[in-house]
Amino acid sequence: MKTFLLIFSVIAIISCSADHYEAKAKIIERRVLDDNSLLIKYSFLAGDKLIIDSVKTKNRVIPHDSLDVSYAVSDPANNTLKFK
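Note that this is a predicted model, so its numbers are computed, not measured.

(A) A look at the side chain of T57. For T57, the location among the structural elements is in strand β3 (residues 49–58). A polar side-chain atom of T57 sits 3.3 Å from a polar atom in the side chain of R60. Not counting residues within four places of it along the chain, the set of residues in contact with T57 comprises S37, L38, I40 and F83.

(B) Region of the structure containing the nonpolar core. Membership of the largest hydrophobic core comes to 14 residues, with the highest contact counts inside it found for A25, I40, Y42, F44, I62, V69 and L81. Looking at this core, the elements that each hand over two or more residues are β1 (20–32), β2 (37–46) and β4 (66–72). In terms of residue count, β2 provides more of this core than any other element does, five residues in total. Contact partners of L81, with chain neighbours within four places excluded, come to A25, Y42, V55, L67, D68 and V69.

(C) Structural context of the pattern of salt bridges. Tallied over the full model, the rule gives five salt bridges. A salt bridge links E29 to R31, with the nearest nitrogen and oxygen atoms 2.7 Å apart. Residue class for E29 comes out partly exposed when judged on its relative accessible area of 28%. When its relative accessible area of 40% is taken as the criterion, R31 is described as partly exposed. Across the pair D65 and R30 runs a salt bridge, and its minimum N-O distance is 3.2 Å. Of this pair, D65 sits in the loop between β3 and β4 while R30 sits in strand β1, placing them 35 residues apart in sequence.

Reading the values: the criteria
- Residues numbered from 1 in each chain as written.
- Predicted model: local features only at pLDDT ≥ 70, side-chain atom pairs only at ≥ 80, totals over all residues.
- Heavy atoms only, no water.
- Helix = DSSP H or I, 4+ residues; strand = E, 2+ residues; numbered from the N terminus.
- Polar contact = N/O pair within 3.5 Å; in protein donor to acceptor, adjacent residues only side chain to side chain.
- Contact = heavy atoms within 4.5 Å.
- Core = buried A, V, L, I, M, F, W, Y, C linked by side-chain atoms within 4.5 Å.
- Buried < 20%, exposed > 50% of the residue type's maximum accessible area, 1.4 Å probe, protein only.
- Salt bridge = Lys/Arg side-chain N within 4 Å of Asp/Glu carboxyl O.

Just geometry here; none of it tells us what the structure is for.
Take a look at the structure:
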C-alpha cells in the first residue's frame with residue numbers, strides 16, 4: 001500500500017507541470033463594435049510583468065470587472081480569457 005501511494009504521489013507531482021498559470025484579469029474597457037460584437041481590453045500580472053491585451057467576442061453579459069485568464073509561462077502575451 002505504501003508503495004502504491006509513493007508511486008501515485010510521484011506521478012501526480014510529475015503530471016502537474018507549471019507550463020500554464022491562471023490569474024485574474026481586470027477589465028479595463030468594454031466597447032460594443034459596429035457589428036454588435038464586444039471588444040474587451042484587460043490587464044493582468046504575469047509574475048512581475050503587467051500584460052495588457054484585448055479580445056473581440058460576441059456581445060455577452062459579463063457581470064464582473066474581472067475574468068480568469070490562462071497564460072503560458074514562456075509567453076504570457078499568448079493568453080486566453082475564460083468566460084464563465
